[in-house]
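Examining the three-dimensional arrangement
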Amino acid sequence: MFAYSKIMQALAVGGGTVTVIQRFLASGTWTAPTGVTSVDYLVVAGGAGGGNTGGAANGAGGAGGFRTGTSFSVTAGTDYTITVGGGGSAGANGSNSVFSTITSAGGGAGSGSGTGSSGGSGGGSYGYPNGTNPGGSGNIPNTTPAQGSNGGIGLSDNVNYTNSGGGGGASATGGAAT
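Since we're looking at a predicted model, the values are computed, not measured. (Residues numbered from 1 in each chain as written. Predicted model: local features only at pLDDT ≥ 70, side-chain atom pairs only at ≥ 80, totals over all residues. Heavy atoms only, no water.)

Notes on the pairing of strand S4 (residues 38-44)
Counting buried residues along S4, five of its seven residues qualify, which places the element largely inside the surrounding structure. Of the pairings in the sheet, the one linking S4 to strand S5 (residues 66-73) comprises six bridges and is antiparallel in character. Pairing of Tyr 41 across the sheet is with Gly 69, part of S5. (Buried < 20%, exposed > 50% of the residue type's maximum accessible area, 1.4 Å probe, protein only. Helix = DSSP H or I, 4+ residues; strand = E, 2+ residues; numbered from the N terminus. Pairing = 2+ DSSP bridges.)

Here it is in structure tokens:
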């Protein structure tokens, strides 16, 4: 379910006697029901596409940002914005996902020519032409706790330059090329 970059939200209703879990598959609004004063949330952004240089070993795309929290204050009868971010095509970042004021950043695209892009989780890099290129930065913009990790390092001997880094994930840096 998380791989599809969807937003889920858990609602605790009235004294803990009933729990409702609501999943959003499309952007829109959510209206806080009567009696609900706070919610728990999980917001996952769209993952990025891998690098886009035909025929070469490109860096992998980073995962979408992953944010979760409890006791987020809401007001009954109020509409809250829901944006469901989509995945990126080749060479493109993923799209942000939003619940109210909580934004998870789309993953950073993998690189086909150097450093991976930054995002919720960074994209993997492509080793050529510098021999070693860093992966894209994760947790951009900065959140606490972190919404994602850095992309992996790409390596090259500047002749075959086929070793690229993995995309960052929610809790781990992308794999480095060897």
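From this point on, the discussion continues.
Quick look at the nonpolar core
Formed by 14 residues in total, the largest nonpolar core has its most connected members in Trp 30, Val 39, Phe 72, Val 74 and Phe 99. A per-element tally of this core places S4 first, with three residues. (Core = buried A, V, L, I, M, F, W, Y, C linked by side-chain atoms within 4.5 Å.)

A few points about the environment of Gly 59
With respect to the helices, strands and loops of the structure, Gly 59 is situated in the loop between S4 and S5. Put simply, Gly 59 and Gly 127 are 68 residues apart on the chain and 8.7 Å apart in space, counted from C-alpha to C-alpha. Among residues more than four places away in sequence, those in contact with Gly 59 are Gly 50, Gly 51, Gly 110, Ser 111, Gly 124, Ser 125, Ser 164 and Gly 165. (Contact = heavy atoms within 4.5 Å.)

Topic: the packing of aromatic side chains
Summed over all chains, the structure comprises six aromatic pairs. Relative to Tyr 80, the ring of Trp 30 has its centre 5.9 Å away and its plane inclined at 35°; by these criteria the two rings are tilted. Taken together, the residues Trp 30 in strand S3 (residues 28-31) and Tyr 80 in strand S6 (residues 79-83) connect sequence positions 50 residues apart. Accessibility assignment for this pair places Trp 30 and Tyr 80 in one class, buried. On the basis of an interplanar angle of 35° and a centroid distance of 6.4 Å, the ring pair of Tyr 41 and Phe 99 is categorised as tilted. On the criterion of sequence distance, the pair formed by Tyr 41 in strand S4 and Phe 99 in strand S7 (residues 97-99) is long-range, its members being 58 residues apart. Looking at Phe 99, the relative accessible area reads 1%, which means it is buried. In this structure an aromatic cluster arises from ring pairing among Trp 30, Tyr 41, Phe 72, Tyr 80 and Phe 99. (Phe/Tyr/Trp six-rings, centres within 6.5 Å; stacked < 30°, edge-to-face > 60°.)

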